[in-house]
Amino acid sequence: MTEEKKQIKKNLNPLVVKGIFFVTAVFDDKRYVVSNGLSFLQFAKEGEDVKKGDYLRIHGPVYQRKDAANPIITGEAIVEKLTEEEVEKHKEAINKMFDSNPKAEKKSAPKKKATSKSDEHKMPWE
């Protein structure tokens, strides 16, 4: 009458994240919280010296426990710390993407005429 151990069910189609993330929080037990501007992820990493403010390239599966505030990156994920050159390239790309020139947009927009009601929209008594 021995009870069988419950086998952990592995998700055959896990959610996978890939991208560059910013380290927003560091905990004493080598756990980190990272953000890409839209969402926050949590993971544990041994070995590399990761500090708050570093940029990381992450590619791996993610899961979320019922009681967890942030999704957790599993140990199978590839986590690399970016070099200073890569960080500068990433910041330039982001700035270029979000940098807009409002003067150019105004020139390309068609001009509207400031006229009163047109004849087709007039009421019969006007």
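Residues numbered from 1 in each chain as written. Predicted model: local features only at pLDDT ≥ 70, side-chain atom pairs only at ≥ 80, totals over all residues. Heavy atoms only, no water.

Visitor: For the pairing of strand 1 (residues 15–26), give the residues involved together with the corresponding values.
Guide: Both strand 1 and strand 4 (residues 55–63) contribute to a ladder of eight bridges, which runs antiparallel. When the bridges of strand 4 are listed, Val16 appears paired with Pro61. The pairing of strand 1 with strand 2 (residues 31–35) spans four bridges and is antiparallel. Its bridge partner lying in strand 2, Val23 is registered against Val34. Between strand 1 and strand 2, which pair antiparallel one after the other, the connecting turn spans four residues, and Lys30 there sits at a positive phi close to 60 degrees. (Pairing = 2+ DSSP bridges. Helix = DSSP H or I, 4+ residues; strand = E, 2+ residues; numbered from the N terminus.)

Visitor: Give a detailed account of the side chain of Ser35, specifying residues and quantitative values.
Guide: Secondary-structure assignment places Ser35 in strand 2. In contact with Ser35, other than residues within four places in its own chain, are Phe21, Phe22, Thr24 and Phe40. (Contact = heavy atoms within 4.5 Å.)

Visitor: Residues and numbers for a negative patch on the surface, please.
Guide: Taken together, the side chains of Glu84, Glu85, Glu88 and Glu92 make up a negatively charged region of the molecular surface. Here Glu84 lies in helix 1 (residues 84–98). The class of Glu84 is exposed, set by a relative accessible area of 62%. (Patch = residues over 30% accessible without salt bridge, like charges linked within 9 Å, V, L, I, M, F, W, Y side chains within 5 Å. Areas by Shrake-Rupley, 256 points an atom, 1.4 Å probe, with all protein chains shown as cover. Salt bridge = Lys/Arg side-chain N within 4 Å of Asp/Glu carboxyl O. Lys, Arg positive; Asp, Glu negative; His and termini not counted. Charge placed at Lys NZ, Arg CZ, Asp CG, Glu CD. Buried < 20%, exposed > 50% of the residue type's maximum accessible area, 1.4 Å probe, protein only.)

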